[in-house]
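Structural characterization, general
Each chain, letter by letter, is given below.
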Amino acid sequence: MAQPVRNKQPRRGIIEEIGLEVNLFVSLILDRRVSILLKLIPLAGLLYLVNPIDFPGWLDDAFVVIVSLVLFFELCPRAVVEEHRDRLRRVIPGKWHDPTDNATIIDGEFRDAPEDKPEDQNVKK
């Protein structure tokens, strides 16, 4: 029976995904390849939050902020966004140790080694 193919990208939780998107946002804001006009889109969304002329409730605020962020990500140059996403999601290559694999476990004992004595005491007179 064939082994299932494992996805090389590890599964992430919703909190980690939100953290990655926040890091992506900061990286794109700081990147000089992204137009200053595009950087004004999320700023306008955040300014809407402090606007005193507002509909009651928080639903319209959340909608405007989410739309401004999605618009910012979609209008940024695709190559720049993918470069930052790849950097943020990069997986360090390596092999994990399987604790059930007894062939790679080396058993040993620990004991204190005797302290070294100065050479003068070892020499008989």
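Preceding this paragraph is the structure being described.
My aim in this report is to walk through the structure given alongside it, one point at a time. Each chain carries its own residue numbering, running from 1 in the written order of its sequence. Given that this is a predicted model, residues contribute local features only at a pLDDT of at least 70 and side-chain atom pairs are listed and counted only at 80 or more, while totals for whole chains, interfaces and linings are drawn from all residues. Neither water nor hydrogens contribute to the side-chain values; these are computed over all heavy atoms in the structure.

**Considering the packing of helix 2 (residues 36-49) against helix 3 (residues 59-75)**
To keep things clear, this is the line we draw: Axis definition: a line fitted to C-alpha atoms, limited for helices to the stretch in contact. Angles are taken between N-to-C directions and run from 0 to 180 degrees. Think of it this way: any DSSP run of H or I at least four residues long counts as a helix, any run of E at least two long counts as a strand, and we number them from the N terminus. The scheme is simple: roughly parallel for angles under 35 degrees, roughly antiparallel for over 145, roughly perpendicular for 65 to 115, oblique for anything else. Between two residues, a contact is recorded if the distance between any of their heavy atoms is within 4.5 Å. Classification used: nonpolar for Ala, Val, Leu, Ile, Met, Phe, Trp, Tyr, Cys and Pro, charged for Asp, Glu, Lys and Arg, polar for all others including Gly.
Orientation of helix 2 relative to helix 3, taken along the N-to-C sense of each, is 175 degrees, at an axis distance of 8 Å. The angle between helix 2 and helix 3 places the two elements in the roughly antiparallel class. Two secondary-structure elements touch here, helix 2 through Leu38, Lys39, Ile41, Pro42, Gly45, Tyr48 and Leu49 and helix 3 through Asp60, Asp61, Val64, Val65, Ser68, Leu69, Leu71, Phe72 and Leu75. Grouping the amino acids of the contact of helix 2 with helix 3 by side-chain chemistry returns eleven nonpolar, two polar and three charged.

**Observations regarding helix 2**
Our working definition: Take the residue count of a helix, subtract one, and multiply by 1.5 Å to get its expected span. We call two N or O atoms a polar contact when they sit within 3.5 Å, provided that within protein one can donate a hydrogen and the other can accept it, with sequence-adjacent residues counted only if both atoms are side-chain atoms.
Spanning 14 residues, helix 2 covers 21 Å between terminal C-alpha atoms, matching the ideal 20 Å at 1.5 Å per step. Looking at the packing, one finds that the buried side of helix 2 touches helix 1 (14-30) and helix 3. Where helix 2 begins, the side chain of Ser35 points an oxygen toward the backbone nitrogen of Leu37, at a separation of 3.1 Å.

**Quick word on the environment of Ser27**
The test is simple: For every residue, the accessible area obtained with a 1.4 Å probe (protein chains only) is divided by the maximum for its type, and the residue is called buried under 20%, exposed over 50%, and partly exposed between those limits.
One can find Ser27 in helix 1. Residue classification places Ser27 among the buried residues on the basis of a relative accessible area of 13%. Remark: the alpha-carbon pair of Ser27 and Leu88, spanning 61 residues in sequence, is separated by 9.6 Å. The residues contacting Ser27, other than those within four sequence positions of it, are His84 and Arg87.

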